[in-house]
Amino acid sequence: MLLEIINLRVVMDSREILKDISLRFEGPGLYFILGPNGSGKSTLLRAMAQLIDYEGSVIINGRDAKEFNRLELVRTLGYVWQNPFYGFFEASVKREISFILKNIGESLDKMYKLVEFFGIQDLLERSPFTLSGGEAKRVCLLSVLVADQSILLLDEPETELDLDGLSRLIQYLKENVNSKLIIVATPNPLLAYKLRTLLRGIVLIKDGQIVSVGGVELLENDGLLIETGIVPMRWWYEPS
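This report concerns the structure included in the present document. Chains are numbered independently. Their residues run from 1 in the order of the written sequence. Side-chain atom pairs in this predicted model are given and counted only at pLDDT of 80 or more, local residue features only at pLDDT of at least 70, and totals for whole chains, interfaces and linings cover all residues. Where side-chain values are given, they derive from all heavy atoms of the structure, hydrogens and water being excluded.

**Focus on the overall build of the protein**
- What counts as a helix is a DSSP run of H or I of at least four residues, what counts as a strand is a run of E of at least two, and both are numbered from the N terminus. In terms of regular secondary structure, the protein is built from nine helices and ten strands.
- Taking the principal axes of the C-alpha coordinates as reference, the protein spans close to 50 × 50 × 35 Å.
- Residue burial is assigned from relative accessible area. The probe radius is 1.4 Å, only protein chains are included, and a residue is buried under 20% of its type maximum, exposed over 50%, and partly exposed in between. Scored against the burial criterion, the 240 residues of the protein give a buried share of 51%.
- Throughout, a contact is declared for two residues whenever any of their heavy atoms are within 4.5 Å. Within the protein, contacts between residues at least 6 apart in sequence are counted, and of these 66% link residues at least 24 apart.
- Of the roughly 11,300 Å² that the protein leaves accessible, carbon and sulfur atoms contribute 47%. All accessible areas in this document rest on Shrake-Rupley with a 1.4 Å probe, and a residue is counted as covered only by the protein chains that are shown.

Here's what the structure looks like:
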């Protein structure tokens, strides 16, 4: 599993969002992209997922991502939206989750194990548009993860989740870190710190540019985190 970004540039409404980004993510393994709001994290993930136009190259397993047809891409790479409601369009949660399986021609039986894993059995007949933020986040995650892609792009997957939801997400990441390439984008280093023993790499991004690339040691560099616009870990434990 290999995902490479070469000289990636994204311009929207005459504004340069990403500026000559080059990165390499080799799997299996867990990576975090950390940056403040507006730094370009989500744009970077959407470019990797072929959801927006860009200049430069995205290479998936040695092949230009633009050469993939939609079915090939969906089977290879899964993208989870930061705002779960952006991706909803079906009348029920069950139909929302099963949609991707129907499109890739796989049995619906495999979804029920993940339904139980994420604890949403009681939501299956509900409209996804009636869910709370936390419920919607679980459904959004499941509607992508159920396809069991080898590469996963997760945009702030921890937001809106309560303790139970976070625990289930962390358990999923732990169980899949050795078989998938997982890239998580978030402005909050707490999830990365919680999973620090599993991390393969961290990318710091600000104003559409890479600030630093490294390992878990970046989480302990308060000065660099503050410079990047990220709340350092120590801040959470200091009295106000």
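From this point, the discussion proceeds with the structure in view.
**Overview of the nonpolar core**
- In this structure, Phe32 and Ile97 are the most contacted members of the largest nonpolar core, which totals 48 residues.
- Sort the elements by how many residues they give to this core and helix H5 (residues 133-145) lands first, with seven residues.
- Among residues more than four places away in sequence, those in contact with Phe32 are Val184, Thr186, Leu191, Ala192, Leu195, Leu199, Gly201, Ile202 and Val203. As used in this record, nonpolar core signifies buried Ala, Val, Leu, Ile, Met, Phe, Trp, Tyr and Cys residues forming a set joined through side-chain atoms within 4.5 Å.

**Examining the sheet that holds strand S6 (residues 77-80)**
- Two strands are said to pair when DSSP picks up at least two bridges between them. The mixed open sheet is built from six strands, whose spatial order is S6-S7-S8-S3-S9-S10. Of all strands in the sheet, those bounded by a partner on one side alone are S6 and strand S10 (209-214). Strand-to-strand twist of the sheet, defined as the mean angle between neighbouring strand axes without regard to direction, takes the value 15 degrees.
- Here strand S3 (residues 29-34) pairs with strand S8 (residues 181-186) via six bridges, running parallel. Bridge assignment links Phe32 to a residue of S8, and that residue is Val184. Note on geometry: axes are lines fitted to C-alpha atoms, helical ones only across the stretch in contact, with angles between N-to-C directions running from 0 to 180 degrees.

**Describing the pattern of salt bridges**
- Counted as salt bridges are all cases of a side-chain nitrogen of Lys or Arg within 4 Å of a carboxyl oxygen of Asp or Glu. In total, this model carries 13 salt bridges according to the counting rule given.
- We note a salt bridge from Arg95 to Glu90, for which the minimum N-O separation is 3.3 Å.

**Quick word on the packing of aromatic side chains**
- In summary, the pairing rule links any two rings of Phe, Tyr or Trp, Trp by its six-membered ring, whose centres are within 6.5 Å, and it sorts them by plane angle into stacked for under 30 degrees, edge-to-face for over 60 and tilted for everything else. What the rule picks out here adds up to nine aromatic pairs.
- Consider the rings of Phe89 and Phe99, whose centres lie 4.8 Å apart with planes at 90 degrees: the pair is edge-to-face. Here Phe99 lies in helix H3 (residues 93-103) and Phe89 lies in the loop between S6 and H3, a separation of ten residues in the sequence.
- Phe89 gets classed as partly exposed once you look at its relative accessible area, which sits at 48%.
- For Phe99, a relative accessible area of 33% gives the class partly exposed.
- Ring centres of Phe118 and Tyr172 lie 6.0 Å apart, and the angle between their planes is 40 degrees; this geometry places the pair in the tilted category. On the criterion of sequence distance, the pair formed by Phe118 in the loop between helix H4 (111-117) and H5 and Tyr172 in helix H6 (residues 163-176) is long-range, its members being 54 residues apart.

**A short note on unusual backbone geometry**
- With an omega of 5 degrees, the peptide bond between Gly27 and Pro28 qualifies as cis.
- Mapped onto the fold, Pro28 is located in the loop between strand S2 (15-26) and S3.
- Residues other than glycine seldom take positive phi values, yet Glu156 does so here, at roughly 50 degrees.
- As for its placement among the helices and strands, Glu156 is situated in the loop between strand S7 (151-155) and H6.

**Description of the environment of Glu227**
- As for its placement among the helices and strands, Glu227 is situated in helix H8 (residues 222-228).
- The spatial distance from the C-alpha of Glu227 to the C-alpha of Val211 is 9.2 Å, given a sequence separation of 16 residues.

**Thoughts on the environment of Val93**
- With respect to the secondary-structure elements, Val93 resides in helix H3.
- A relative accessible area of 0% means that Val93 is categorised as buried.
- The spacing of Val93 and Glu26 is 67 residues in sequence and 33 Å in space, taken between C-alpha atoms.

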